[in-house]
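Analysis of the macromolecular model
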Amino acid sequence: MIQATCTRQLPEYMLDVSLSVAPGETLVIQGESGAGKTSLLECIAGLAAPDCGTIIINQVTVWSSQDRINLSPQERAAGFVFQDTALFPHMSARENVSFAVTAGYRRRHETVPQKKAVAALAQQEFERLGIAHLAHARPRMLSGGERQRLALARALAAQPSVLLLDEPFSALDRKTREEMWRIVRELKTGTRLSLVLVTHDHEEAQVLADRILQIDRGLIHDDA
Amino acid sequence: MNLLDPILLSLRVAGLATVITAVLGLFLAARLNATRSRPGRILAGGLESVILAPMVFPPTMTGYLLLLLLGPNGPVGSLWGASGGLLFSWLAAVIASVVVSLPLMYQSAKTALTSVDPHCIAAARTLGASERRIFWKITVPLAWPGIAGGMALAFARAIGEFGATLMVAGNIPGATQTIPLALYSAVESGNTHAANLLLGITVALSFAIVIVVRWSERRTAASRAHRLAGGGSR
Amino acid sequence: MHSIAIFLGNSLKPILLATAIAGLVIWSGSGCSGKDPLIISAASSLGPVLEELKPAAEAACGSRIALNLAGSGALRTQIESGAPADVFIPAASPDMDLLEKAGLILRDTRRDCAANALVLVSATRTLADGTHDLATTLAVWSRIAVGDPVSAPVGRYTSNVLARLGLEQSLSNKVVTGNSVRQIVSYIETGSVDGGFVFATDAQRLIQAGKARHLRRFTPAESGGEVRYPAAVLARSHNPEAARKFVLFLSGTTAQAAFERAGFTKP
């Protein structure tokens, strides 16, 4: 669950947005490039700071300009899927996901399981996303669609409380994109994970969203 | 002229100096470029100038400054306890080599560390990994070719170090006479045979180092190409 | 049990690194065992002859000897900054005078151990004989190597000679300046010049190697003073007794014979 109000000075205009996402809800933020969508996501994740505002994730205030609260991205537990996947190129697919599994345990201050258990948990994520056969491959050997699935698997493996996706499928071809939509909808069943997905594709918004937010030039146009 | 002494001594001095420079250079490159606060950045900029200064000074000037520092009346030498401070010791030779090779290591490490894909680091943060874990598991492995290249350059500079070493360690065969000092002595005394041999060894070492640096350059370029190619779909 | 394993595993790399460094440090330092040797800071030109005399010198003064060879100016700066040398032998009196004035030497130990003379040699390919007078001989040369009076002592003596013989003008456009005696020797060796002004010790080496021919040796009166090598015990010496014996040894018959063989003259 997310509640966010932020203002941030961008190169072209001022971002001034207020939004909320219920548990288990998928909010799609749509708009043209440069409208401030990525900035908004980065602020929620803690990768960038708004000038002013308040951000609350699962009833924990992670950012408040008034009370001078600023939790690090590590503490916010907001999973992030980047447009360029940001996979670790020097690690195999399994190592990428295992890294996330152990990071998640450490973040929650729980004892990290043994290597075998971690590998099993990684395997679970692989199977969920249908890439179990790629465990030993390096990211550069994978296709675009496989990379995005791996990025998703990695983000989920850390057991985040919310998931933020920044135009994750824009570089994929039509067929792969439809496949990814199906996977996302499957992922949502049975979880209370709040999703915020940014896209400029109308159809994608229609397919995935429970609610759509239009952003134009830093301001919200529509809340449908 | 005994040629084995200077060769072994050079390897020991340059080896130890490179290890110290590698650790120090990596640490400084990481810390000085991570501060966010304004006073922190000003301090970092000042410290960086001090680190890089020996690259600008002529070696005799670096040698003279070290002489002042390490001599029995200097701030460091007076603490050492020996009657001559740190002068004429192999440790002084190591210090001289560290001071002149540190700028090279620092620059290489800084460039390598700052050109790691920031999205990878951001992704690691969102996964919950601590800054220390990110540094050792993500940043350093990805920056490794550049760091290794820096170490090779540092070793090359340390092995060839002459002016500053002569001043603070002296040219004492068997104790502080490294290859460059032995070469200088051989040339000065007209011992062309020894001089040519030492020259040959120096050239061979330079080739070996250049090979390592070229390898690291290729690895860095390759990993960068992969990263650029791997951004989108295929 | 498991956590100990993880702890050791994580600490293994730093432990290995620390052990490697410690090993290197111990290995590097192990070269300096035993009693401290006597450190002789001497001009590089004295290197070969002092190396030759080392065993006899060590026997004479009862201590191991370590030679520290460099330019006289650098050696003097080291001593002024507190370097732990025991004896100083520069290639020129002024360096010793400065230390004496600063009270850094034991004045009663100072004595000249050797002297040198200025010599004109011709490169082997040059046609010249010593019978004609200097002006005539040099008139047919196109390039002469000369030391820079500012940076090289040999240059000072050379310009004195040229001034005294009135040859400065006629040779001014043939002069190739070297900033050290070493450079002049290289020019002559490689035949880049027709000849040059060097010290007697350098001339001897060049002639013995077949790279030059002796033309003329200049007296102290002509060169404006003697080229002296003063030796003295330094005030800060940690073993002044042995250092005194060393300086005395340099004036003894064995050492003087060695100096003479190398081309030096009696002080």
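In this text, all values refer to a predicted model and were calculated from it rather than measured experimentally.

Brief notes about the overall build of chain A
- Along its length, chain A carries seven helices and 11 strands.
- Against the 2.2 N^0.38 benchmark of 17 Å for 224 residues, chain A shows a C-alpha radius of gyration of 17 Å, consistent with a compact globule.
- Here the C-alpha coordinates of chain A stretch approximately 45 × 40 × 35 Å along the principal axes.
- Counting every position in chain A, which comprises 224 residues, the buried fraction comes to 46%.
- Intrachain contacts of chain A at a sequence separation of at least 6 include 69% that bridge at least 24 residues.

Observations concerning the sheet that holds strand 4 (residues 111–116) of chain C
Residues and elements named next belong to chain C.
- Pairing is mixed across the open sheet formed by five strands, whose spatial order is 2-1-3-10-4. A single partner strand is all that each edge strand has here, and the edge strands are strand 2 (65–70) and strand 4. When strand polarity is set aside, the average angle formed by the axes of neighbouring strands in this sheet is 15 degrees.
- Note that strand 1 (residues 38–43) and strand 3 (residues 87–89) share three bridges and pair parallel. The residue bridging Ala-42 from the neighbouring strand is Ile-89, located in strand 3.
- Sitting on the sheet, helix 11 (residues 240–251) touches strand 1, strand 3, strand 4 and strand 10 (227–233), and the angle it makes with strand 10 is about 155 degrees.

Some points on the interface of chain C and chain B
- Facing the 27 residues of chain C at the interface are 29 residues of chain B.
- Mapped onto the side of chain C that touches chain B, the elements with two or more residues apiece are helix 1 (2–29), helix 2 (47–61), strand 2 and helix 3 (72–80) of chain C.
- Here the side of chain C that touches chain B gets six residues from one element, more than from any other, and that element is helix 1 of chain C.
- Of the residues assigned to the side of chain C that touches chain B, the class counts are 14 nonpolar, 11 polar and two charged.

Let's talk about the sheet that holds strand 7 (residues 175–178) of chain C
All names here are of chain C.
- Taken together, the five strands give an open sheet; going across it, the order is 7-6-8-5-9, and neighbouring strands pair in mixed fashion. Each edge of the open sheet is held by one strand with a lone partner, namely strand 7 and strand 9 (212–217). Ignoring strand direction, the axes of neighbouring strands in this sheet form an average angle of 35 degrees.
- Two elements, strand 6 (residues 144–147) and strand 8 (residues 195–199), share two bridges in a ladder whose sense is parallel.

Here's the deal with the domain arrangement of chain A
Residue and element names in this part refer to chain A.
- Each assigned domain of chain A is listed here: domain 1 (1–77 + 161–224) and domain 2 (88–159).
- One C-alpha centre belongs to domain 1, the other to domain 2; they are set 23 Å apart.
- Contacts between the two partners involve 11 residues from domain 1 and, on the opposite side, seven residues from domain 2.
- Classifying every residue of the side of domain 1 that touches domain 2 by side-chain character gives eight nonpolar, two polar and one charged.

Some words on the interface of chain B and chain A
- Counting residues at the interface gives 23 residues for chain B and 29 residues for chain A.
- Elements represented by at least two residues in the side of chain B that touches chain A include exactly helix 6 (118–127), helix 7 (131–160) and helix 10 (192–229) of chain B.
- At seven residues, the largest contribution of residues to the side of chain B that touches chain A is made by helix 6 of chain B.
- Its residues placed into classes, the side of chain B that touches chain A shows nine nonpolar, 10 polar and four charged.

Examining the arrangement of the chains
- There are two pairs of chains in contact here, and the one with the most contacts is chains B and C.
- With respect to C-alpha atoms, chain A approaches chain C no nearer than 9 Å, and the pair has no contact.

Cut-offs and rules
- Residues numbered from 1 in each chain as written.
- Chains lettered and ligands numbered in written order.
- Predicted model: local features only at pLDDT ≥ 70, side-chain atom pairs only at ≥ 80, totals over all residues.
- Helix = DSSP H or I, 4+ residues; strand = E, 2+ residues; numbered from the N terminus.
- Rg over C-alpha atoms; globule rule 2.2 N^0.38 Å.
- Buried ≥ 20, exposed ≤ 12 C-beta atoms within 10 Å, placed from the backbone.
- Contact = placed C-beta atoms within 7 Å.
- Pairing = 2+ DSSP bridges.
- Axes fitted to C-alpha atoms, helices over the stretch in contact; angles between N-to-C directions.
- Nonpolar A, V, L, I, M, F, W, Y, C, P; charged D, E, K, R; others polar.
- Domains from an automatic or database assignment.

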